[in-house]
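# A structural walkthrough
What follows is each chain in one-letter form.
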Protein chains: 2
Amino acid sequence: MVDPLDAALTGLSASRAFTVSSDDVGDFVRISGDDYEAHTDPDFMARSSFGRLIAHGALLVGYMSAVGTMAIRGAQARGNIDIPVSLGYDRMRFTAPVFFGDIVTATYSVKSVDKAKRRSLADVVVVNQNGVTVAVAEHLMKWLHTDADVTV
Amino acid sequence: MVDPLDAALTGLSASRAFTVSSDDVGDFVRISGDDYEAHTDPDFMARSSFGRLIAHGALLVGYMSAVGTMAIRGAQARGNIDIPVSLGYDRMRFTAPVFFGDIVTATYSVKSVDKAKRRSLADVVVVNQNGVTVAVAEHLMKWLHTDADVTV
């Protein structure tokens, strides 16, 4: 008999494209409080080797979170799944700059399930419209029972 | 003679409080595309062990990013520092739920400097108004020369 958590999570993946708009980066500056000149000052960045404004790495984490939610819904479609919570990320790297107007695709792929701990580990990759990987991470999800034990 | 990068980064820290407003979480849903019911559906969460809506972990990463920028400005105040970029995070964990209206304080503390690679490693901790740690991570910053080599 296949374990219900295995059945819901094995091979699960989700993917979505996001357009990195100037407005969204501006709103992210306000919400996060991160007003680093790399995201806000075109003159500052014109003098840099990047040449122009770049998006926050933390905004890409928002996209990672969104495809994680898509994966949760995929799991729920396969079976009766408790409310999961994001435990965190490992080896998160911002590997190339993301510019305003870029279209990036985030993909979430479950790669292992720890049934005893009710955790899954997933690879998350964000690729731009030129096929360049701009961010990677491993994501750890906890599939809860009734108790909200999110301490790790 | 003290190395200029060491002089700028040794013991550097930055800290700031953030109020997690319902409006900001709503805007984060729109920007990130992550509309998980944990952040948007009070009835769904009333049935959960959390009892109410929680903020995105990825929003806390935005706060981590903001105190990283404060640390950059602290380094720039100490000396002539090139444009740094965020390389990524390790061992990021969301250790307790964050509710709307919570006031969380993020603190960024440089703990080591790799002069050869021009990288610094920092502990980032986010604590709520009750003294509970809600998120932790290690952050890796690259202090660039003129070339924008962000590949890791």
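The shown structure was predicted, so the numbers you read here are calculated from the model rather than taken from an experiment.

### Description of the interface of chain A and chain B
Taken together, the contact between chain A and chain B spans 51 residues of the former and 51 residues of the latter. Interface area, chain A with chain B, both sides summed: about 4,200 Å², of which 57% is carbon and sulfur. Our count for the chain A to chain B interface comes out at 10 salt bridges. We note a salt bridge from Arg73 of chain B to Glu37 of chain A, for which the minimum N-O separation is 3.2 Å. Summed over the shared surface of chain A and chain B, the result is 22 residue pairs in polar contact (both at pLDDT 80 or more). Contributing elements (two or more residues each) for the side of chain A that touches chain B: β1 (13-19), α2 (22-32), α5 (57-78) and β2 (84-94) of chain A. Here the side of chain A that touches chain B takes 11 residues from β2 of chain A, the largest share from any one element. Where β2 of chain A lies against strand β2 (residues 84-94) of chain B, 4 bridges are found, and the strand directions are antiparallel. The partner of Gly88 of chain A across the bridge, within β2 of chain B, is Arg93 of chain B.

### Some points on the pattern of salt bridges
This model, assessed by the stated rule, comprises 18 salt bridges over all chains. We note a salt bridge from Glu138 of chain B to Arg91 of chain B, for which the minimum N-O separation is 3.0 Å. With Glu138 of chain B in strand β5 (residues 133-143) and Arg91 of chain B in strand β2, the pair connects residues that are 47 residues apart, well separated along the chain. A relative accessible area of 14% places Glu138 of chain B in the buried class. Each member of the salt-bridge network shares a partner with another, and the members are Arg91, Lys111, Asp123 and Glu138 of chain A.

Thresholds, definitions, all that
- Residues numbered from 1 in each chain as written.
- Chains lettered and ligands numbered in written order.
- Predicted model: local features only at pLDDT ≥ 70, side-chain atom pairs only at ≥ 80, totals over all residues.
- Heavy atoms only, no water.
- Contact = heavy atoms within 4.5 Å.
- Buried area = accessible area lost by both parts, 1.4 Å probe.
- Salt bridge = Lys/Arg side-chain N within 4 Å of Asp/Glu carboxyl O.
- Polar contact = N/O pair within 3.5 Å; in protein donor to acceptor, adjacent residues only side chain to side chain.
- Helix = DSSP H or I, 4+ residues; strand = E, 2+ residues; numbered from the N terminus.
- Pairing = 2+ DSSP bridges.
- Buried < 20%, exposed > 50% of the residue type's maximum accessible area, 1.4 Å probe, protein only.

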